[in-house]
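Residue-level structure breakdown
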Amino acid sequence: YQVSNWGADFFSVTKEGHVAVQPKGSGGPSLDLMQIIGDLEEQGFRTPLLLRFSDILASRLEQITACFGQAIKTHDYHGHYRPVYPIKVNQQRHVVEEIVQFGSPLGVGLEAGSRPELLIALALLEKPDAPIICNGYKDRAYIETALLAQQMGRRPILVIDRFRELDRLI
């Protein structure tokens, strides 16, 4: 199944043929997923189960910012890199909260494609300079919320991709 290609040092196959996860990467401890599932079933849980490994998320955020940092250095780029996570990719509360938690020291912000997502971004991002990209259908309430956020000291960036959105904003 080409686990060695997509597993990116986090997943492998044991000699027993089980999938193993290394949440801290190839140098960290290895956990047999079949054993984890067996232990959970003994405790009364039933499959299918959703297992999340926060260490993988933290590591991937560090890796992507390091890659961009290296590219910026290599190419003598004088601009800034500000990563953002589009909330619509995975709106689960724990995932978005961990992106913010692990990404805050790295300057990670959020992309909000709707007013509810914008409210989530405003509630979760504690740093006033954390990027908030407003990139979605911009109705009156969405634009008003973004403008109110500016008055609160935040700096949301409204992406205008349709001419009529500019009229609405003005």
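Below, the structure is looked at part by part.

Analysis parameters
- Residues numbered from 1 in each chain as written.
- Predicted model: local features only at pLDDT ≥ 70, side-chain atom pairs only at ≥ 80, totals over all residues.
- Heavy atoms only, no water.
- Core = buried A, V, L, I, M, F, W, Y, C linked by side-chain atoms within 4.5 Å.
- Buried < 20%, exposed > 50% of the residue type's maximum accessible area, 1.4 Å probe, protein only.
- Helix = DSSP H or I, 4+ residues; strand = E, 2+ residues; numbered from the N terminus.
- Pairing = 2+ DSSP bridges.
- Axes fitted to C-alpha atoms, helices over the stretch in contact; angles between N-to-C directions.
- Parallel < 35°, antiparallel > 145°, perpendicular 65-115°, else oblique.
- Left-handed = near helix turned anticlockwise from the far one by under 90°.
- Contact = heavy atoms within 4.5 Å.
- Nonpolar A, V, L, I, M, F, W, Y, C, P; charged D, E, K, R; others polar.
- Lys, Arg positive; Asp, Glu negative; His and termini not counted.
- Salt bridge = Lys/Arg side-chain N within 4 Å of Asp/Glu carboxyl O.
- Polar contact = N/O pair within 3.5 Å; in protein donor to acceptor, adjacent residues only side chain to side chain.

1. Some remarks on the nonpolar core
- Core analysis: the biggest nonpolar cluster contains 21 residues, and Ile99, Leu110, Leu118, Leu125, Ile132 and Cys134 have the highest contact counts within it.
- Among the elements of the structure, α4 (93-103), β5 (109-112), α5 (115-124), β6 (132-134) and α6 (140-151) are those that each provide at least two residues to this core.
- Considering every element that reaches this core, the biggest residue donor is α4, with 4 residues.

2. Examining the sheet that holds strand β3 (residues 31-32)
- In spatial order, the strands read β1-β2-β3; together these 3 strands make up an open sheet with antiparallel pairing. The outermost strands of the open sheet, each flanked by one partner alone, are β1 (11-13) and β3.
- In this structure, strand β2 (residues 19-21) lies alongside β3, joined through 2 bridges in antiparallel fashion. Within the sheet, the bridge partner assigned to Val21 lies in β3 and is Leu31.

3. Points about the packing of helix α3 (residues 54-74) against α4
- Two elements in contact, α3 and α4, have axes separated by 10 Å at closest approach and are oriented at 50°. When the axes of α3 and α4 are compared, the pair comes out oblique. Like other packed secondary-structure pairs, α3 and α4 cross with a definite hand, here right-handed. Two secondary-structure elements touch here, α3 through Ser54, Leu57, Ala58 and Leu61 and α4 through Val95, Glu98, Ile99, Phe102 and Gly103.
- Class assignment of the residues belonging to the contact of α3 with α4 gives a composition of 6 nonpolar, 2 polar and 1 charged.

4. As for the side chain of Arg154
- With respect to the secondary-structure elements, Arg154 resides in the loop between α6 and β7 (156-158).
- With no salt bridge to any partner, buried Arg154 finds its closest opposite charge in Asp129, at an N-O distance of 8.4 Å.
- A polar contact of 3.3 Å, which involves the side chain of Arg154, links it to the backbone oxygen of Leu122.
- Apart from residues lying up to four places away in sequence, Arg154 is in contact with Ala121, Leu122, Leu125, Pro128, Ile132 and Ala149.

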